Every structure is written in C-alpha cells, then in structure tokens.
Amino acid sequence: MPVRLRLQRHGRRKRPFYHIVAADARAPRDGKFIEKLGTYNPMTKPATIDLDRMAAYKWIMKGAQPSDTVRAILRFKGVMYYKHLMRGVTKGALTQEQASEKWSAWIEAKEGSVEARRQEEAQRIANFHVAVSGTAPEIKEPEPEPVVEEAAAEAAPEAAAEVVEEAAAAVEEVPEAAAEVAGEAVAEAEAAEAAGDALEAASEATPDGASDVVKDA
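Calculation notes
Residues numbered from 1 in each chain as written. Predicted model: local features only at pLDDT ≥ 70, side-chain atom pairs only at ≥ 80, totals over all residues. Heavy atoms only, no water. Axes fitted to C-alpha atoms, helices over the stretch in contact; angles between N-to-C directions. Helix = DSSP H or I, 4+ residues; strand = E, 2+ residues; numbered from the N terminus. Parallel < 35°, antiparallel > 145°, perpendicular 65-115°, else oblique. Left-handed = near helix turned anticlockwise from the far one by under 90°. Contact = heavy atoms within 4.5 Å. Nonpolar A, V, L, I, M, F, W, Y, C, P; charged D, E, K, R; others polar. Salt bridge = Lys/Arg side-chain N within 4 Å of Asp/Glu carboxyl O. Buried < 20%, exposed > 50% of the residue type's maximum accessible area, 1.4 Å probe, protein only. Pairing = 2+ DSSP bridges.

Draft legend 1. How the structure looks around the packing of helix α1 (residues 53–61) against helix α3 (residues 79–91). Interaxial distance between α1 and α3 falls to 10 Å at its minimum, and their mutual angle equals 60°. It follows from the interaxial angle that α1 and α3 lie oblique. α3 is crossed by α1, and the crossing has right-handed handedness. Contacts between α1 and α3 pair Arg 53, Met 54, Ala 56, Tyr 57, Ile 60 and Met 61 from the former with Val 79, Tyr 82, Lys 83 and Met 86 from the latter. Considered class by class, the residues forming the contact of α1 with α3 number eight nonpolar, no polar and two charged.

Draft legend 2. Looking closely at the pattern of salt bridges. Here the structure, examined in full by the defined rule, presents six salt bridges. When the shortest N-O distance is used, the salt bridge between Asp 30 and Arg 29 registers 2.7 Å. Its relative accessible area of 41% is what places Asp 30 among the partly exposed residues. Ionic pairing is found between Arg 124 and Glu 121, a salt bridge with its closest N-O pair at 2.6 Å. Separated by three residues within a single helix, Arg 124 and Glu 121 lie in helix α4 (residues 96–133), roughly one turn from each other. Several salt bridges share partner residues, and in doing so they unite Arg 53, Lys 77 and Glu 111 into one network.

Draft legend 3. Representation of unusual backbone geometry within the structure. In this structure, the amide linkage connecting Lys 45 to the following residue, Pro 46, adopts the cis form with an omega of -5°. Mapping Pro 46 onto the fold places it in the loop between β3 (35–41) and β4 (48–51). Despite not being glycine, Lys 14 has its phi angle at roughly 65°, a positive value. Mapped onto the elements of the fold, Lys 14 is located in the loop between β1 (3–10) and β2 (17–24).

Draft legend 4. Fine view of the pairing of β3. The buried fraction of β3 is high, at five of seven residues. Pairing geometry for β2 and β3, over five bridges, is antiparallel. Bridge assignment links Ile 20 to a residue of β3, and that residue is Gly 38. Pairing analysis gives four bridges linking β3 to β4, with the strands arranged antiparallel. From the neighbouring strand, Gly 38 faces β4, where its bridge partner is Leu 51. Between β3 and the antiparallel strand that follows it, β4, lie six residues.

Draft legend 5. Representation of the sheet that holds β1 within the structure. One open sheet holds the five strands; their spatial order is β4-β3-β2-β1-β5, and the pairing between them is mixed. One side of each edge strand has no neighbouring strand; the edge strands of this open sheet are β4 and β5 (65–66). On the sheet, α1 packs against β1, β2, β3, β4 and β5 and is oriented at approximately 120° with respect to β3. Its contacts with the sheet place helix α2 (residues 68–76) against β1, β2, β3, β4 and β5, and it is angled at close to 95° to β1.

Draft legend 6. Region of interest: the packing of α3 against α4. Where α3 meets α4, the axes come as close as 9 Å, and the angle between the chain directions of the two elements is 165°. Taken together, the axes of α3 and α4 are roughly antiparallel relative to one another. The handedness of the crossing between α3 and α4 comes out as right-handed. Contacts between α3 and α4 involve Tyr 81, Tyr 82, Leu 85, Met 86 and Val 89 on the former and, on the latter, Gln 96, Ala 99, Lys 102, Trp 103 and Trp 106. Of the residues contributing to the contact of α3 with α4, the split by class is eight nonpolar, one polar and one charged.

It is worth stressing that arrangement in space is one thing and function is another; only the former is reported here.
Written out as structure tokens, the structure reads:
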C-alpha cells in the first residue's frame, strides 16, 4: 500500500488550517488517513507548525513519499536533517551521541530564529497600532491562580471540625426534643381519656328524673 505524507485541509473559507497526515495515496485528500503527524497553520506570520518529528522520520524511513509542501515542512522542522545524520551514523562517519548533539543544536538554533521572527512581527503590529490609534494593543496576561494563605489553610480544618461537632450536637438534640414532644402528646392523650371516663361515670351516676329536671329548667 503506497503511503503519502500530505496535508489535509480544515478550517473555514479563506481561513485554511491543515493537518499533516500519513494516508493511503489512493484515498481522497480530506478522506481517511493512517496517522496524524501534526498541524500547519499558514495564516500566522511566521506559519505555525506543530509536528511529531520522530513519527514523520519513521514514515520517511518506511518509504512514505511526502508532497512538495510537506517535504518543505519536514526540511524546515529538521526531519530531513535528522535523516542525513542517521545516514552518517549508519556509515560510521559519526556516533549516535554526536548526531544527537548536532541535531539538538540545530533544532535549538532554528526555534530561536523562529521565535525572533515572531517577536519582530508582534512588534511590527504594535507599531502599526501606535501609528494608527496612538496606543499599542493591550496584551492580556493570564490571571494567576488564587493562592491560599497558609494561615487560612491551617484554620480551614479546624473550622471544618467545629462545624462537624455542631452538627453532631444538633443531631443528638433532635431525638431528645422528639422524645419530649412525644411524652407531652402521650400525657395529653391520657388526660383526655381520663376526662372521657369521668364524663361517662357521671352520666351513669345521674338519675333519669334529674335529667328531666335539667331539661325543664
């Protein structure tokens, strides 16, 4: 199966954003792929490239053919230079440690130049804003995470313990209050029952004529 390293287009109209993928050469450009190797954003200056160098190198060594744009990206990110160094290691021209040192130094110098270009572009944009509006654009820094003071952190467990003790005391008081209410209800029920028994006894003790006298009165 022929494998090709190429770009897969994403993003909206006139704002392209690409994925760098290893895909079957017979598959559509934006279709299925085997592995995603990174991203490429040409809308920034300089272009933003995020690439897994070792994964791309492995595909190159397996015989995958990059497109013209991806070949330029691999050369820019040092993958082709790493391939050149590994060929020298294979031929015995230098050791693996020497090749790693050379490649690390090259990557550091390249990243430094890219960062310098990015800073120059940011300064150019700031100067343009100053020339147009008289003020530079405000760059918002991320808000720092809230820092908990040590005293507050130490007092937090103690406060939590006090809350737990108060809650436990409240729970213990609930059954006692419920028992008091239940006792009062039982006493009232017993008093009502006693009053009913007294009325029944009084009605039984009253003669029939006395009830008629009460009615006539």
